[in-house]
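# Structural description and commentary
The residues making up each chain are set out below.
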Amino acid sequence: GEAASTEEQLRRVLREFLMHMDYSGNLIVMKTNPGCAHIVASALDRIGWDEIMGTVAGDDTIFLAVARGCNAASVMHRIGQVVGWE
């Protein structure tokens, strides 16, 4: 279905371009290959998780805003599971 294909697309993009991530408060900071942040941010915006309010992408850095009442560490863990880091 649509959700499965969107998650598979996110998995491919994350595996190819995501280098590192960490969090502080309700912000997850993600580092990507140079010039690839917008590709990863777009895939995260399209995944439709309630925990993700939105993203801001630079060249190789993404700020991901975690929704109120959600835990940034658990969102980061969920992203890590999609990539296969867990």
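Structure first, text after, so check above.
It should be emphasised that the depicted structure is a prediction, and the values quoted were computed from it without experimental measurement.

Below, the discussion takes up the overall build of the protein chain. Within the protein chain, the secondary structure is distributed over three helices and four strands. When the helices and strands of the protein chain are placed in sequence order, the string is α-β-β-α-β-β-α. In summary, the protein chain has a C-alpha radius of gyration of 12 Å against a globular reference of 12 Å for 86 residues, a match within 12%. Expressed as a percentage of its 86 residues, the buried residues of the protein chain come to 40%. Looking at the protein chain alone, contacts between residues at least 24 apart form 54% of all its contacts between residues at least 6 apart. Counting every atom, the protein chain has about 4900 Å² of accessible surface; 51% of that belongs to carbon and sulfur. Taking the 7 positively charged and 11 negatively charged side chains of the protein chain as two groups, their mean positions are separated by 2 Å.

The subject of this paragraph is the packing of helix α1 (residues 2-17) against helix α3 (residues 72-83). Running from N to C, α1 and α3 cross one another at 90 degrees; their axes reach a closest spacing of 8 Å. Compared by their axis directions, α1 and α3 come out roughly perpendicular. For the pair formed by α1 and α3, the contact residues are E7, L10, R11, L14 and R15 on the first element and I79, V82 and V83 on the second. Residues of the contact of α1 with α3, tallied by class, amount to five nonpolar, no polar and three charged.

Rules behind the numbers
- Residues numbered from 1 in each chain as written.
- Predicted model: local features only at pLDDT ≥ 70, side-chain atom pairs only at ≥ 80, totals over all residues.
- Heavy atoms only, no water.
- Helix = DSSP H or I, 4+ residues; strand = E, 2+ residues; numbered from the N terminus.
- Rg over C-alpha atoms; globule rule 2.2 N^0.38 Å.
- Buried < 20%, exposed > 50% of the residue type's maximum accessible area, 1.4 Å probe, protein only.
- Contact = heavy atoms within 4.5 Å.
- Areas by Shrake-Rupley, 256 points an atom, 1.4 Å probe, with all protein chains shown as cover.
- Lys, Arg positive; Asp, Glu negative; His and termini not counted.
- Charge placed at Lys NZ, Arg CZ, Asp CG, Glu CD.
- Axes fitted to C-alpha atoms, helices over the stretch in contact; angles between N-to-C directions.
- Parallel < 35°, antiparallel > 145°, perpendicular 65-115°, else oblique.
- Nonpolar A, V, L, I, M, F, W, Y, C, P; charged D, E, K, R; others polar.

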